[in-house]
Amino acid sequence: MGRSTSRWNAALVVAALVAVPAGAHAEDAAEVDPESGHVSVSGGALAGDDAGSLAFRPLVRAEVAFNVAGPLAAGGFLQVAFADGGMSDAPAFGGGVLLTLRPDLPELGFVPHLEITGSRVQLPSRGDGLVDAWSAGIGGGIGVPIVTGVAVEARVHHGWYFGLPATSSLSESAWTFGGALTVDLP
C-alpha cells in the first residue's frame, strides 16, 4: 500500500509543477479569436440579359473562407445555376476564389460584408445552352445573427464575364440577388 501512495504523491507533484506555471501566466496570454472563418450556403436569382430580355435563373452557392488578417478572409466557392425553366434543366456549374471583409460590429446588431470574386463559370443561355466564361465580381450584404455564430444574410453581387463566344446572346455582366445562411468556424 505504501508503494501505491508514493505513486499518487509523485503524480500530484508532477501535476502541480505543470499546472502552477501554466496558471501563473494565464493572465499574460493573448486573447485568441475563436472564429477562424465561415461557411455559407446561399440561394437566389442570377439576373442577366439573354437574347435581348432579362432572365432570372435559380442559383445555389456554397463557400468556405478562412480569416487571414482581422476581418479579412480568403476562400473559395462552388455554384450551380439553372436555366429559366427551373431545376429540371441542365445545371451550369462554376467555382472560384473570394476575398471577403466581415467586420465584427456587435453594437450595430448586424454583420456587414463585402467580397471580391474571381471564377470560371458556366452560364445557362436560352439560345446557346451552356456557355463557359471567366468572371470577376464584387458584392456585399448584411447579416443578422440568429444565434451565436450563425447569421442569416441578404446579398447582392455584380459579375462581369470575359471570354464569352462572339455569337453568345448573353450580356457581359449580371446581378445576383439572394439570401444566405452563414456559420462561423471555431
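Residues numbered from 1 in each chain as written. Predicted model: local features only at pLDDT ≥ 70, side-chain atom pairs only at ≥ 80, totals over all residues. Heavy atoms only, no water.

### As for the overall build of the chain
The condition that has to hold: Only DSSP runs of H or I with at least four residues qualify as helices, and only runs of E with at least two residues qualify as strands; both kinds are numbered from the N terminus onward. Residue exposure (1.4 Å probe, protein chains only): buried if accessible area is under 20% of the type maximum, exposed if over 50%, otherwise partly exposed. Working rule for contacts: check all heavy atoms of both residues, and any pair within 4.5 Å makes them a contact. Shrake-Rupley sampling with a 1.4 Å probe provides the accessible areas, and residues are treated as covered by the protein chains on show and by no other component.
Scanning the chain from N- to C-terminus turns up one helix and eight strands. Each helix (α) and strand (β) of the chain, taken in turn from the N terminus, gives the series α-β-β-β-β-β-β-β-β. The buried share among the 186 residues of the chain stands at 31%. For the chain, contacts bridging at least 24 residues in sequence account for 54% of all contacts bridging at least 6. As displayed, the chain offers around 10,700 Å² of accessible surface, 70% of which is attributable to carbon and sulfur atoms.

### Some thoughts on the confidence of the model for the chain
This is how it is decided: Confidence of the predictor at the level of single residues is given by pLDDT, which spans 0 to 100.
On average, the chain scores 82 in pLDDT, and the residues at 70 or more come to 78%. This model gives residues 1-33 a pLDDT under 50, and the stretch forms one contact once residues within four places in sequence are excluded.

### Some points on the nonpolar core
Nonpolar side chains in soluble globular proteins generally cluster together in the buried interior. Condition: By nonpolar core is meant a set of buried Ala, Val, Leu, Ile, Met, Phe, Trp, Tyr and Cys residues that side-chain atoms within 4.5 Å join together.
Residues Leu-46, Val-121, Leu-123, Val-131, Ala-133, Tyr-161, Leu-164, Leu-170 and Ala-174 constitute the largest nonpolar core, which totals nine residues. At the level of secondary structure, the elements contributing two or more residues to this core comprise β5 (111-125), β6 (129-147) and β8 (170-185).

### Some points on the packing of aromatic side chains
Here is the rule we go by: Aromatic pairs are defined between Phe, Tyr and Trp rings, using the six-membered ring for Trp, whenever the two ring centres lie within 6.5 Å; interplanar angles under 30 degrees are classed as stacked, those over 60 as edge-to-face, and all others as tilted. Throughout this description, the term charge over a ring refers to an Arg CZ or Lys NZ atom that lies within 6 Å of the ring centre and within 35 degrees of the ring normal.
A full pass over the atoms with the stated rule returns one aromatic pair. Considering the side-chain rings of Trp-175 and Phe-177, the 6.3 Å spacing of their centres and the 15° angle between planes classify their relative orientation as stacked. We classify Trp-175 as partly exposed; its relative accessible area is 42%. Here the basic side chain of Arg-61 rests over the ring of Phe-77, its NZ or CZ set 4.4 Å away from the ring centre.

### Some thoughts on the side chain of Thr-100
We count it as follows: Polar contact criterion, stated in full: a pair of N or O atoms within 3.5 Å, where within protein one must be able to donate a hydrogen and the other to accept it, and residues adjacent in sequence count only if both atoms are side-chain atoms.
Within the element layout of this structure, Thr-100 appears in strand β4 (residues 92-101). Here Leu-114 takes part through its backbone oxygen, which lies 3.2 Å from a polar atom of the side chain of Thr-100.

### Observations concerning the pattern of salt bridges
For the record, the criterion: Take a side-chain nitrogen of Lys or Arg and a carboxyl oxygen of Asp or Glu: if they are within 4 Å of each other, that pair is a salt bridge.
For the structure on display, the rule yields seven salt bridges. Between Arg-61 and Glu-115 there is a salt bridge; the shortest N-O distance is 3.1 Å. A residue pair is termed long-range when its members are at least 10 positions apart, and Arg-61 in strand β2 (residues 53-69) and Glu-115 in strand β5 qualify at 54 residues. Residue classification places Arg-61 among the buried positions, given a relative accessible area of 9%. Look at Glu-115 and you get buried, because its relative accessible area is 4%. Two residues, Glu-153 and Arg-102, come together in a salt bridge whose shortest N-O distance is 2.6 Å. Here Glu-153, found in strand β7 (residues 150-162), pairs with Arg-102, found in the loop between β4 and β5; they are 51 residues apart in sequence, far enough to count as distant. Both residues of the pair, Glu-153 and Arg-102, belong to the buried class. Bridged by salt links that share partners, the residues Arg-61, Glu-63, Arg-102, Glu-115, Glu-153 and Arg-155 form one connected network.

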